[in-house]
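What follows is each chain in one-letter form.
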Amino acid sequence: MSHFGNPEIIEEEVDILIIGGGMAACGAATEIMRWTGDIGLKIKLVDKAAMARSGAVAMGLSAINTYMGENDPADYVRYVRGDLMGIIREDLVYDVGRHVDSSVHLFEEWGLPIWKQKGNEGKKLTEGGKPVRSGRWQIMINGESYKWIVAEAAKKSLGPANIQEHVFIVRLITDENDPKRVAGAVGFSVRENKIYVYKFKACLLAAGGAVNVYRPRSVGEGIGRAWYPVWNAGSTYAMAAECGAEMTLMENRFVPTRFKDGYGPVGAWFLLFKAKTMNAFGEDYQAKNYGILADNGYDAYAAGPKMGTCLRNHMMIKEMKDGRGPIFIDTPTAMANLAKNMTPEEIKHLEAEAWEDFLDMTIGQCGVWAGENIEPDKEMSEIMPSEPYLLGSHAGCAGLWVSGPGDIPGTPDHYHWGYNRMTTVKGLFTAGDGVGASGHKFSSGSHVEGRIAAKAMVQFVLDNKDWKPRMSRSTKELAEEVYRPVKTFLKYKDYTTAIDVNPRYITPKMYQLRLQKIMDEYVAGISTLYQTNAKMLEIAEKKLEMLREDGGKMRAKDLHELLRAWENYHRMITATAHMKHIQFREESRYPGYYYRTDFMNIDDENWKCFVNSTYNRDTGKWTIKKVPYVQLVKPDDSEPEGIKRPAAKV
Amino acid sequence: MPTFVYMTRCDGCGHCVDICPSDIMHIDKTYRRALNIEPNMCWECYSCVKACPQNAIDCRGYADFAPLGHSVRVLREEEKGTISWKIKFRNGHEKNFVSPITTKPWGEAIPRLADLPPPDEEALNSPLLTYEPEALKVDSGLPTISKDQFKQGVYY
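Residues numbered from 1 in each chain as written. Chains lettered and ligands numbered in written order. Predicted model: local features only at pLDDT ≥ 70, side-chain atom pairs only at ≥ 80, totals over all residues. Heavy atoms only, no water.

I'm lost on the overall build of chain A in this one. Help?
When helices and strands are tallied, chain A shows 19 helices and 23 strands. Against the globule reference of 26 Å for 650 residues, chain A gives a C-alpha radius of gyration of 24 Å, in line with a compact fold. Taken along its principal axes, the extent of the C-alpha atoms in chain A is 70 × 55 × 55 Å. The 650 residues of chain A split such that 68% are buried. For chain A, long-range pairs separated by at least 24 residues make up 76% of all intrachain contacts whose partners lie at least 6 apart in sequence. Working note: accessible area of chain A is about 20600 Å², and carbon and sulfur atoms make up 51% of it. Across chain A, the mean location of the 83 positive side-chain charges is 4 Å away from that of the 84 negative side-chain charges. (Helix = DSSP H or I, 4+ residues; strand = E, 2+ residues; numbered from the N terminus. Rg over C-alpha atoms; globule rule 2.2 N^0.38 Å. Buried < 20%, exposed > 50% of the residue type's maximum accessible area, 1.4 Å probe, protein only. Contact = heavy atoms within 4.5 Å. Areas by Shrake-Rupley, 256 points an atom, 1.4 Å probe, with all protein chains shown as cover. Lys, Arg positive; Asp, Glu negative; His and termini not counted. Charge placed at Lys NZ, Arg CZ, Asp CG, Glu CD.)

Following this line, the structure appears as structure tokens:
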């Protein structure tokens, strides 16, 4: 019989494995049955949690941030590249833009309540119902059950026999004969003493972005109040990297400015309620500091109020550095302005909207307000730039280098190698947070990207019908590796009298804290106000290498800790990629997110290009290179000068 | 806001264990009731609070920044399609909000892929996804970029 020290090994061969259960994986699960239902391919979805509440949308959302409606997807490309400082994969972004509305329309069909303008109530989007827009691309929803609804559709499509919840996949295995091809994956149950080994022809790796790589601002219980979900451990990036997949723009990060401590979202407050921000002295620091953008050439990526989000952070950080913080968001004035022409009934509704915005997606912020007796219509709140996050679906663009759709005219050869959303590893696909250089997809864009990848995977599998996956590693070896933290614990636990302090192993929790300390202090975390330089990075590199070595000495006293051990291993690989990319890019492309103090300028002549890397798991070596950026969509007059500059010659 | 469980209300059913995305709700082997084993990995997503049939789970604001004395309670009623919130401030002030969570009865408006005709080779090789182009609400198929939107030298 299996027990903690001796797990049962379950082996299964499928055609397609979907790793993850968030928006992208659910999109893939829903779409894939359309194309395989009649040919009988075997599909399996594996989620480390429960699909109804897994991924970044687990808590719910109060807006869908990507909906084209009346907009041209080419303008969506312009918006995304403006926000991400000029360097994106325009083919991928356009592809999301041209498909995304079909996912949003499906959500409404499945029961998601989407706000409509007056006179359009009850009219579906597909019937011409006009949504309430909080911005050009955003629409408001009652999204408490957003994920529940989307997961239900996915589960019903796929069928319960093809879903395995509470199993955490931790490693991908290459093919025995082709090191550039994926053939299998291994993971373990977080409930039972079981190891799962899957062999497949193709796989969708969609396991989210990376959270808690950096020391957060709250270090007690509040570590959990991360802006992005605390269970996103960089598994997508780490597993792909260890499998040899090329990554892109891993130097990019997102530092969201949010309501202090609770990390309540600011989108609706800025866009829908038109709230203004100010420094401690009531000054409009954005107007005041606009001039500083010119100091390092950042102004090339600002055209009036239109600028990359990082530049807004930059102006705020200037105030904090100069001692003019805290930064306030003036919620009372915003509410009062809106209430001017409203009936008492409408004002009550407005107040409810303000609270529900948080209750739908950041409940903890309501707790902070209630605990501090803050009513947003009466008292201002502080806002604050958070610790850094790595992701590819929200306002960041770290991730994997994937093939584009290919049918978009002007696509250069290095953007396209056959199957949409396939990485540089044959058979390995990704979507959502996994796809790099293509941010601002958000929930809806991630869902549709999962659908796009699903269809492409079916094409890939049909083209490789007779191919049999054979893994380059034996099941026995893999089982040893996956359960090593358990073995380490069982072997050494009685060596000392306190199980948490032992020279033979490190607890996953301490491993995480060690990683966070390195990243925070040397790789532009909050304690240096997002600044780093070549020397600091050199030290970080050395410390991270030792941390990697110690990764093999993590312990797991139970299955829960085994989960944490592997999550933190994934965080370490992801963090190392981030550090290496920042080290390689000798400019400050994203001021306000991070600064290379030894290269403070934006340097388009040399760096208006992608930075791509690959990792060799066997040698621990990284290979990093520049890859040319090709602009597809013509800049229009309203875009800033930097967008119009030629790409760097690579 | 880490979750906590009321000793007298929890019956150890395990719904919270199943639903928690962070794997931190576990059943205590001695008390046979649920507990949060890792409060600093709690995202306060309320998934367990909403799923508990006994209303036995609540949240207490993160002790490192939220002052005591407040509460944010929730009742998610699937059959009614609503979510109700009761917010109590530290100073005793209260606020109540109700909003819809769905417009359809659960489980009915699911995709019925089997009702669609089997796809042919052409459909499989086109960039169109299921229900497209109809679901895009455009008459002319997928949106395309007109030539004048492209950079010269890239496309023509």
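Would you take a moment to explain the state of the cysteines for this structure?
Simply put, the disulfide is a covalent bond whose two ends are the sulfur atoms of two cysteines. All names here are of chain B. Under the defined criterion, the tally for this structure stands at 0 disulfides over all chains. Free cysteine C45: the closest other cysteine sulfur is in C20, separated by 6.3 Å. The exposure class of C45 is buried, given its relative accessible area of 8%. Cysteine C59 shares no disulfide, and the gap to the nearest cysteine sulfur, in C42, comes to 5.6 Å. A relative accessible area of 3% means that C59 is categorised as buried. (Disulfide = S-S within 2.5 Å.)

Just to check I follow, could you spell out the packing of aromatic side chains for this structure?
For any two aromatic rings, the description comes down to two numbers: the centre-to-centre distance and the angle of the planes. Considering all chains together, one arrives at 33 aromatic pairs over all chains under this definition. Ring geometry for A:F254 versus A:Y593: centroids 5.8 Å apart, planes at 80°, classification edge-to-face. Here the residue A:F254 occupies a position in the loop between β11 (247–248) and β12 (257–259), and A:Y593 occupies one in the loop between α17 (559–584) and β21 (595–596), the gap between them amounting to 339 residues. Connected via pairs of aromatic rings, a cluster forms that spans A:F259, A:W269, A:F273, A:W355, A:F358, A:W369, B:F89 and B:F97. (Phe/Tyr/Trp six-rings, centres within 6.5 Å; stacked < 30°, edge-to-face > 60°.)

Would you mind showing me how to read the nonpolar core here?
Note that soluble globular proteins tend to have their nonpolar side chains buried in a common cluster. One finds A:L172, A:F188 and A:W269 to be the most contacted residues of the largest nonpolar core, which totals 200 residues. At 12 residues, the largest contribution of residues to this core is made by α17(A). If you look at the next biggest cluster of nonpolar residues, it comprises 53 residues, including A:A24, A:V57, A:A202 and B:L124. (Core = buried A, V, L, I, M, F, W, Y, C linked by side-chain atoms within 4.5 Å.)

I keep staring at the environment of A:A24 and nothing clicks. Help me out?
Residue and element names in this part refer to chain A. Residue position: A24 is located in helix α1 (residues 23–36). Taking the C-alpha atoms as reference points, A24 and A210, 186 residues apart in sequence, are found 16 Å from one another. In contact with A24, other than residues within four places in its own chain, are L204, A206, A431, G432, S446, H447 and G450.

Sorry if this is basic, but what is going on with the sheet that holds strand β17 (residues 381–385) of chain A here?
The strands making up a sheet associate through hydrogen bonds between their backbones, and the pairing can be parallel or antiparallel. Residues and elements named next belong to chain A. The strand order β12-β17-β16-β13 describes an open sheet built from 4 strands, whose pairing is antiparallel. The sheet is open, and its two edges are formed by β12 and β13 (277–278), each paired on a single side. By the bridge criterion, 3 bridges tie strand β16 (residues 327–329) to β17 in an arrangement that is antiparallel. Bridged to I327 within β17 is I383. (Pairing = 2+ DSSP bridges.)

What should I look at first to understand the domain arrangement of chain B in this one?
Accessible area lost on assembly of the parts is the figure often given for the size of an interface. According to the domain assignment, chain B contains domain 1 (1–66) and domain 2 (113–142). Here domain 1 of chain B and domain 2 of chain B have C-alpha centroids that lie 44 Å from each other. (Domains from an automatic or database assignment.)

Before we go on, may I ask you to explain the packing of α1(A) against helix α12 (residues 442–463) of chain A in this structure?
Packed helices, taken two at a time, are described by their axes: the angle between them and the distance between them. Residue and element names in this part refer to chain A. Running from amino to carboxyl end, α1 crosses α12 at an angle of 35°, the nearest separation of the two axes being 7 Å. Seen along the crossing, α1 lies across α12 with a hand that is right-handed. Where α1 approaches α12, its residues M23, A24, C26, G27, A28, T30, E31, I32, W35 and T36 are matched on the opposing element by S443, S446, H447, G450, R451, A454, K455, M457 and V458. Residues of the contact of α1 with α12, tallied by class, amount to 9 nonpolar, 7 polar and 3 charged. (Axes fitted to C-alpha atoms, helices over the stretch in contact; angles between N-to-C directions. Left-handed = near helix turned anticlockwise from the far one by under 90°. Nonpolar A, V, L, I, M, F, W, Y, C, P; charged D, E, K, R; others polar.)

How do you make sense of the sheet that holds strand β5 (residues 71–77) of chain B when you look at a structure like this?
Taken in spatial order, the 3 strands make up an open sheet running β5-β6-β7 (chain B), and their pairing is antiparallel. Bordering the open sheet on either side are β5 and β7 (94–100) of chain B, each of which pairs with just one other strand. Pairwise comparison of adjacent strand axes, ignoring direction, gives a mean angle of 15° for this sheet. Helix α11 (residues 363–371) of chain A contacts β5 and β6 (82–88) of chain B of the sheet and is inclined by roughly 25° relative to β6(B).

Would you mind going over helix α3 (residues 90–110) of chain A with me for this structure?
Counting along an α-helix, one turn takes 3.6 residues, and residues three or four places apart therefore face a common direction. Residue and element names in this part refer to chain A. Between its first and last C-alpha atoms α3 spans 31 Å; for 21 residues at 1.5 Å apiece the expected length is 30 Å, and the two agree. In the structure, α3 departs most strongly from a straight axis at H99, where the bend amounts to approximately 40°. Counting buried residues in α3 gives 20 out of 21 residues, a clear majority hidden from the surface. At the C-terminal side of α3, G111 shows a positive phi close to 120°. (Expected span 1.5 Å × (residues − 1). Bend = angle between axes of the 7 residues up to and from the residue.)

What am I meant to see in the interface of chain B and chain A here?
Taken together, the contact pairs 84 residues of chain B with 103 residues of chain A. Carbon and sulfur atoms make up 60% of the surface buried where chain B meets chain A, a total of about 7900 Å² over both sides. The largest per-residue losses of area from chain B upon contact with chain A belong to B:W43, B:F65 and B:L124, which jointly make up 11% of the total buried on that side. The interface formed by chain B and chain A holds 9 salt bridges in total. Residue A:E144 pairs with B:R76 through a salt bridge whose shortest N-O separation is 3.0 Å. (Buried area = accessible area lost by both parts, 1.4 Å probe. Salt bridge = Lys/Arg side-chain N within 4 Å of Asp/Glu carboxyl O.)

Help me out: how do you make sense of the pattern of salt bridges in this one?
When the charged atoms of two side chains lie near each other, side chains of opposite charge can form a pair. Residue and element names in this part refer to chain A. Throughout the structure, instances matching the rule amount to 69 salt bridges over all chains. With a shortest N-O distance of 2.9 Å, R98 and D407 are connected by a salt bridge. Linking R98 in helix α3 with D407 in the loop between β18 (399–400) and β19 (428–430), this pair joins segments that are 309 residues apart in sequence. On the accessibility criterion, R98 (4% relative accessible area) is buried. Using a relative accessible area of 40% as the deciding quantity, one classes D407 as partly exposed.

So what exactly am I meant to see when it comes to the pairing of strand β5 (residues 139–143) of chain A here?
All names here are of chain A. Burial runs high along β5: 5 of the 5 residues are buried. Every second residue of β5 is oriented toward a common face, with I139, I141 and G143 on one face and M140 and N142 on the other, all of them buried. Looking at chain direction, strand β4 (residues 61–64) and β5 are connected through 3 bridges and run antiparallel. When the bridges of β5 are listed, L61 appears paired with G143.

Would you mind showing me how to read the pairing of strand β10 (residues 202–205) of chain A here?
The side chains of a regular strand alternate, first on one face of the sheet and then on the other. All names here are of chain A. The side-chain alternation of β10 yields two buried faces, one formed by A202 and L204 and the other by C203 and L205. Where strand β2 (residues 16–19) lies against β10, 4 bridges are found, and the strand directions are parallel. Bridge pairing links L17 to C203 in β10. Both β10 and β19 contribute to a ladder of 3 bridges, which runs parallel. Looking at β19, one finds that L204 is bridged to F429.

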